[in-house]
Amino acid sequence: MGAMRAGVAVLAVIVLACLLAPLYASQVSETDPFRSNVNGTAFGQEVLAENTAGLGLGVTPIGPTWRGAYLLGADTQGRDVAARLLYGGRTSLLIAGCATALCLVLAVVLGVLSGFVGGTVDTVLAGLLDLLWAFPVYLLAISLSIVLISQDLRLGPLRLTADSLALPMLILGIVYVPYVARPIRAQVLALRRAEFIEAAHATGGTPLHILRRHVLPQIWPGLIGFAPVVMAMALLTEAALSVLSIGVQAPQASWGTLIADGQALIYTRPTVAVAPGLAVLLTVLALNVVGEAWRASLETRR
Amino acid sequence: MITRLLRSLLVMFGISVLVFLIFFATPGADPAARLAGRGASAEALAAVRHEYGLDRSLPVQYGLLMHRLFIAGDLTSQVNRGQRVVPAVLRAAPVTLSLAAGAAVVWLLAGLAIGLVAAAREGSVWDRAVTALGLVGISIPVFWLGEVVNLLTQSRLHDTWAFRWVPPLGYVPLFQDPAGWARGLLLPWLTLALLYAGVYGRVLRSSLIEAYRQDYIRTARAKGISESRVVLRHALRNALVVVVALFGLDIGALIGGGTLLTEVVFGLRGIGKLTYDALQNLDLPVVMATVLYASFFVVLANAAVDAVQAALDPRQR
Amino acid sequence: MLALLAAAPASAEEDRAALMRAHRGGTMRLLAHSAAGTIDPQVNYTAQFWQMFSMAYDGLLAFRKVPGPGGNEIVGDLAEAVPAPTDGGLIWLFRLRPGIRFSNGAPVRPADVAASFRRLFRVSSPTADSFYGAIQGAGACLRAPAGCALEGVTADDAAGTVTIRLSRPDPEFAKKLALPHASVLPDTAPDADAGTVPLPGTGAYRIDHYDPGDSLRLVRNPHFREWSVDAQPDGFPDAIDYDFGLEEEAEITAIQNGQADWTFDAPPADRLAELGARYADQVHLNPAYAMWFLPLNTRLPPFDDVRVRRALNLAVDRRAVVKLFGGARLATEACQVLPPGLPGYQPYCPYPLDLPRAQRLVAESGTAGQTVTLVIDGSPVARAIGTYMLDVLRDLGFVPRLRSLSSNVQFTYIQNTNNQVQASLTTWYADYASAGNFLGGIFGCSAFRPGSDASPNISGFCDPALDVRLQAALADPQGGAELAAIDRIVTDQAPAVVLFNPSYIDVVSARVGHVGYHEQFRWLVGQSWVQ
């Protein structure tokens, strides 16, 4: 259980740090991390200084100062990377968290419906899952993103604009559904044939009752095991989409968009891309450790 | 077998319809103005639209597209006029295949070593280090790792002895220059393999440990068969069933273009890069061809895994 | 290059022969992130391939292939000389040079010239109307391209002449005849876009092979004999290889390491410092007839109010935008439509940075609080400028939104009025050095076509009276002052926020010598050597 505790502790620290982002921005960095600061100065030097050597081409942002403001330097817009890192973490974690919740809910509904009802419903739903399963995840996510960020999505009265965080949540929530739904369906199928459920049927239990009392409790622990893993995948995919500039849209920032910003500076100011990359790595690692430990504890309980 | 084939075809048909619909839901997807050129007259636009059948109904357009892709084989790009789609896919395929196959060799060997070491010394420092490596491997954003590798080997440390040999980004065909091919792909292989090596090592480790506990292995040991033969003959063979399933699905997805991010970062013009560029340009014919190509391999891999597993594991027969 | 310009004509010829002997041969290796579409010189409308076409195809006339301002001069190419049009500028009589052959060995005949002009319409060339619509019979050809007869162009094979009759005088017709769309092809060329199949031409090089997913290769045209060093000079390298597919970052690295000689793409901002400092000898900067600007839709709120358009112009810190582009060496701040160097250019900027005044203008208009969506393409520079513009719009009291579309799609998307684009960020590079290309090409009534993806007047700005004045000024050789006045009127009406005029930056490998920049076709690739 040591690994589990360590993982949870790291996650807690990351979440707490990200929650305190506004405090950091206002008290320590004292700049607006969402406003371009092209002509500003810090510590007596320009935040974005035009190069003077040779032909004098290009502009170099202020580097890591290791002081309060611009702790990790500035990006190409002259914004404080450290403050944006914290704000970006909020976005990334929020998106990954909501996407995971959405994915698990959809997966349970589809998996249980498909496995429990059976018949035509099962054929249709299983076919749908097969289809999503065979559609390579990144291709599906990228295709959906390209369509949805270039126009507003209208779902009845609900209108999602391109810069809404709900879009990446929705996309990431959908693409990983088969990964969870297929095992759940298999589990429910197996359970349906299990003796104690047949016994419950025989004693006149309503399907809803059987579902609540006998089926859901069985799939619950496995489902919780999926949560950190799906969230880890969602974090990575969000970052990938944002790096390809089809994920989170400006002015919002996520770790992925920070890596994208940093790529434009990787040769002169590598910290701008390295820092958010490390943040993703650390968070995903912690999630995977927790997921691993949970699954291990399940096995020992059996 | 027949039902399986039908199912697979149905899945691929569903994907093609999905791609088609996604495409037509995208604003600005009408390629006529891009094909006709800047500032073209209304007459020129109409001519292009007619030439490409864009003035027909959606089902007809879908049918035409499929006919030209699979039957006539003369489907052309909607961005680069006259560029045949099928040859473009066929030319990109070896790049992706080289990348995926090379990386697979690396991760299988690394995974095997990791698994054997960790299983032999269960609970030791080695075992834990290997487990940790596996977790780190699946937690690294691959495009970011690729960027960092490029930063170090192409720029920061390029002039040091360690990385002077690193060629510029890009792909050199195997038959043109085998050494150049391997040199250019080595770093992409390692980058991609890092994602998988740990996972395979851990899967192998746990199935080996499970196998060690099985009765027949204990018997073999008790009979005095040497340790290495026990591992090779019995335990590994058992663990292989799990690995084959995993490997089939992974390699299928990768060959189909799952290497997209790695290809983009390392400037390799494979299926993934082709798909990505086509998606960026909203080049429907190319997107359709590459997505179907990718899903074909996923479907094929699924079928192959089932068959191989049945052959390896008598219990499933 | 300087020495070459300074030398007297006679010795220049000797110099050139000596240089040819010393440096002829080798392969020039060019790079670009992607190919530029069809290889048909009468259809392709990109600066990227026009640069290549200038070495492989000829028209009746040509831009003089020399670096510097001389490059805007028109000289006879397949025709012996630039004729003086008769009948009030309506009849142009060209006499072909004898003995020129296509790269397939066939001789160039007047019939080929006439067929090429018909083909221009039959393949629905994008400029068939805008450039060549003045030719008699063009109207019928535009309506029915398939059977286009184009009676305005007649060939006399016996006399070796071609006559072009116009239905209205066109002061820029000679320049248009020197553009690649007016290339002369064999009359056997198919009446359809050639796509990826190279067509025979008359230039110093012929296109040997083209695959948009891989490469383009130009080799020496075996039937080429230099007939005019000004129109179509012989080239130094034996072959020109053009590879597609690398990222900009990798392209620069390849050039630095000597694995490639040049890239079409601008270097990433990140590499500029190192290029300027360590590779200064290999970097060539040349101002382009171009601008980066934000078209404002004058037919949609809030920009249907001229006060709001002026307010945005006043609120943009152009110095900041230039910094985001890469600094003052790469771009010059600008507020007006005409770029420096074009006829009629007089510096004019009624929009110095003045945020309080801008905010007052918005307050007067009563539009504060409205949502404004800015449509940009996905390139790093566009994203940087777009992100900065969000702050500017917010400072003015609007609710700003940014929409990023893929670079290939954005330019057609923002043109179509059906997409209801309020504001966008885009660039305009001149087709040829002409004030009309800017004042009429982007802000003229005829460039506004509602509901079409091809409507370069994105602002929807249209003043018919001004159009008439513009046509008169363009026809008048002394029309400079009038053009300047029109430039000021359009700038005052603020149908766009002009940001800056960019420079082209060409980075070549260490082995490339004799680099010359041409005003029309950029770097004259064939006139540089690699050995």
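This one's a predicted model, so the numbers in the text were calculated from it and none came from an experiment.

1. Some words on the overall build of chain C
When its secondary structure is counted, chain C shows 16 helices and 20 strands. On C-alpha atoms alone, chain C measures out to a radius of gyration of 24 Å, which is about the 24 Å that the 2.2 N^0.38 rule sets for 531 residues. Projecting the C-alpha coordinates of chain C onto the three principal axes gives extents of approximately 70 × 55 × 45 Å. For chain C, long-range pairs separated by at least 24 residues make up 71% of all intrachain contacts whose partners lie at least 6 apart in sequence. Of the charged side chains in chain C, 43 are positive and 56 negative, and the gap between their average positions amounts to 2 Å.

2. Quick look at the interface of chain A and chain B
Residue-level contacts link 38 residues of chain A with 38 residues of chain B. When chain A packs against chain B, close to 3,500 Å² is buried across both sides, 76% of that on carbon and sulfur atoms. Ranking the residues of chain A by area buried against chain B places L131(A), L139(A) and Y267(A) at the top, with a combined share of 16%. If you look at where chain A meets chain B, you find 2 salt bridges.

3. Re the sheet that holds strand β10 (residues 262-263) of chain C
Residues and elements named next belong to chain C. Sheet architecture is open: 5 strands sit in the order β7-β8-β9-β1-β10, paired in mixed fashion. Of all the strands in the sheet, the pair left with one neighbour each is β7 (205-211) and β10. Two elements, strand β1 (residues 27-32) and strand β9 (residues 239-244), share 6 bridges in a ladder whose sense is parallel. Across the sheet, T27 pairs through a bridge with A239, a residue of β9.

4. Focus on helix α4 (residues 58-72) of chain B
Residues and elements named next belong to chain B. Taking 1.5 Å per residue as the helical rise, α4 with its 15 residues ought to reach 21 Å, and the 20 Å between its terminal C-alpha atoms agrees with that figure. Taken as a whole, α4 has its buried residues at Q61, Y62, L65, M66 and L69. Relative to the axis of α4, the buried residues are bounded by an arc of 130° and lie together on one face. Those residues of α4 that are exposed and angled more than 90 degrees off the buried face are P59 and I71. Elements in contact with the buried residues of α4: α1 (2-24), α5 (85-120) and α13 (284-312). One or two positions beyond α4, positive phi appears at G73, with a value near 70°.

5. Focus: the pattern of salt bridges
Per the stated rule, a full pass over the model turns up 38 salt bridges over all chains. Of the charged contacts in the structure, one is a salt bridge between D261(A) and R84(A), with a shortest N-O distance of 3.6 Å. Taken as a pair, D261(A) in helix α10 (residues 255-263) and R84(A) in helix α3 (residues 81-117) lie far apart in primary sequence, 177 residues in all. Here D261(A) matches R84(A) in class, with each residue buried. Where D241(C) meets R217(C), a salt bridge forms, and the shortest distance between an N and an O atom there is 2.6 Å. Placement of the pair is D241(C) in strand β9 and R217(C) in strand β8 (residues 215-220), with a sequence separation of 24 residues.

6. Structural notes on the domain arrangement of chain C
All names here are of chain C. On domain assignment, one finds that chain C holds domain 1 (24-220) and domain 2 (290-504). If you average the C-alpha positions of domain 1 and of domain 2, the two centres end up 32 Å apart. Facing 10 residues of domain 1, the contacting portion of domain 2 comprises 6 residues. Here domain 1 and domain 2 share an interface that buries about 730 Å² over both sides, 56% of which is from carbon and sulfur atoms. Per-residue buried area on domain 1 facing domain 2 is highest for P171, E172 and K175; these three make up 49% of the total on that side.

7. Remarks on the packing of helix α7 (residues 248-256) of chain C against helix α8 (residues 269-278) of chain C
Two quantities define a packed helix pair, namely the angle between the axes and the distance from one axis to the other. Residue and element names in this part refer to chain C. Look at α7 against α8: their axes get within 10 Å of each other, and the N-to-C directions meet at 20°. Of the possible angle classes, the one that applies to α7 and α8 is roughly parallel. Note that α7 runs across α8; the crossing there is left-handed. In this structure, α7 uses E249, I252, T253 and Q256 to contact α8, whose residues at the interface are D270, R271, E274 and L275.

8. A closer look at the interface of chain C and chain B
Listed by partner, the interface residues are 41 residues for chain C and 33 residues for chain B. Across the interface of chain C and chain B, roughly 3,100 Å² is buried in total on both sides, 53% from carbon and sulfur atoms. Here chain C is connected to chain B by 3 salt bridges. The shortest N-O distance in the salt bridge between D214(C) and R269(B) comes to 3.5 Å. Counting every contact that joins chain C to chain B gives 3 residue pairs in polar contact (both at pLDDT 80 or more). Only α5 (138-143), β7, α7 and α13 (407-415) of chain C provide two or more residues apiece to the side of chain C that touches chain B. If you tally residues by element for the side of chain C that touches chain B, the top one is α13(C), at 5 residues.

9. Side note on the packing of aromatic side chains
Within this structure, the stated rule accounts for 35 aromatic pairs over all chains. On the basis of an interplanar angle of 85° and a centroid distance of 5.3 Å, the ring pair of F20(B) and Y62(B) is categorised as edge-to-face. With F20(B) in helix α1 and Y62(B) in helix α4, the pair connects residues that are 42 residues apart, well separated along the chain. Just as F20(B) is buried, Y62(B) falls in that class too. A centroid spacing of 6.4 Å and a plane angle of 85° characterise the contact between F443(C) and F461(C), whose relative ring orientation is edge-to-face. In this pair, F443(C) sits in the loop between α14 (435-439) and α15 (464-475) while F461(C) sits in the loop between α14 and α15, placing the two residues 18 residues apart along the sequence. For the pair F443(C) and F461(C), one class covers both residues: buried. The rings of F49(C), F53(C), Y57(C), Y210(C), Y242(C), F244(C), W262(C), F264(C) and W523(C) are connected pair by pair, giving a single aromatic cluster.

10. Re helix α4 (residues 110-122) of chain C
It helps to recall that an α-helix has 3.6 residues per turn; residues three or four apart then point in one direction. All names here are of chain C. The first and last C-alpha atoms of α4 sit 18 Å apart over 13 residues, in line with the 18 Å expected at 1.5 Å per residue. Among the 13 residues that make up α4, 11 are buried, leaving the element largely enclosed by the rest of the structure. Among the residues of α4, P110, A111, D112, V113, A114, A115, S116, F117, R119, L120 and F121 are the ones counted as buried. Looking at the packing, one finds that the buried side of α4 touches α5, β5 (153-156), β6 (161-165) and α6 (173-177). Once α4 finishes, S124 follows within two positions and takes phi at roughly 55°, a positive value.

11. Here's the deal with the sheet that holds β6(C)
Note on sheets: strands pair through backbone hydrogen bonds, and any given pair is parallel or antiparallel. All names here are of chain C. As summarised here, the arrangement of the 3 strands in space is β4-β6-β5, forming an open sheet in which the pairing is antiparallel. Here the strands that pair on one side only, and so sit at the sheet edges, are β4 (91-95) and β5. Here the average twist between neighbouring strands, direction ignored, is 15°. Inspection of the sheet shows β5 paired to β6 by 4 bridges, in the antiparallel sense. Looking at the pairing, V153 lines up with I164 of β6. Here α4 sits on the sheet and contacts β5 and β6; the angle it forms with β5, its principal contact strand, is near 165°.

12. What about the side chain of S509(C)?
Residues and elements named next belong to chain C. Looking at the secondary structure, you find S509 in the loop between β18 (496-507) and β19 (517-518). Residue class for S509 comes out buried when judged on its relative accessible area of 2%. A distance of 2.7 Å separates a polar atom in the side chain of S509 from a polar atom in the side chain of D261. Those residues in contact with S509 that sit more than four places away from it in its chain are I255, A260, D261 and Q282.

13. Digging into unusual backbone geometry
Here P301(C) and P302(C) are connected by a cis peptide whose omega angle stands at 0°. Residues other than glycine seldom take positive phi values, yet F43(A) does so here, at roughly 50°. In this fold, F43(A) is placed in the loop between β1 (41-42) and β2 (45-46). The phi torsion at L282(B) lies on the positive side, around 55°, for a residue other than glycine. Following the sequence through the fold, L282(B) ends up in the loop between α12 (271-281) and α13.

14. A look at the state of the cysteines
Residues and elements named next belong to chain C. Under the criterion given, the structure shown has 3 disulfides over all chains. Between the sulfur of C141 and that of C148 lies a disulfide, 2.1 Å long from S to S. On the sign convention where negative means left-handed, the S-S torsion of about 75° between C141 and C148 marks this disulfide as right-handed. Each member of the pair, C141 as well as C148, carries the same accessibility label: buried. The residue that forms a disulfide with C445 is C462, at a sulfur-sulfur distance of 2.0 Å.

Rules and cut-offs
Residues numbered from 1 in each chain as written. Chains lettered and ligands numbered in written order. Predicted model: local features only at pLDDT ≥ 70, side-chain atom pairs only at ≥ 80, totals over all residues. Heavy atoms only, no water. Helix = DSSP H or I, 4+ residues; strand = E, 2+ residues; numbered from the N terminus. Rg over C-alpha atoms; globule rule 2.2 N^0.38 Å. Contact = heavy atoms within 4.5 Å. Lys, Arg positive; Asp, Glu negative; His and termini not counted. Charge placed at Lys NZ, Arg CZ, Asp CG, Glu CD. Buried area = accessible area lost by both parts, 1.4 Å probe. Salt bridge = Lys/Arg side-chain N within 4 Å of Asp/Glu carboxyl O. Pairing = 2+ DSSP bridges. Expected span 1.5 Å × (residues − 1). Buried < 20%, exposed > 50% of the residue type's maximum accessible area, 1.4 Å probe, protein only. Arc of directions from axis to C-beta. Domains from an automatic or database assignment. Axes fitted to C-alpha atoms, helices over the stretch in contact; angles between N-to-C directions. Parallel < 35°, antiparallel > 145°, perpendicular 65-115°, else oblique. Left-handed = near helix turned anticlockwise from the far one by under 90°. Polar contact = N/O pair within 3.5 Å; in protein donor to acceptor, adjacent residues only side chain to side chain. Phe/Tyr/Trp six-rings, centres within 6.5 Å; stacked < 30°, edge-to-face > 60°. Disulfide = S-S within 2.5 Å.

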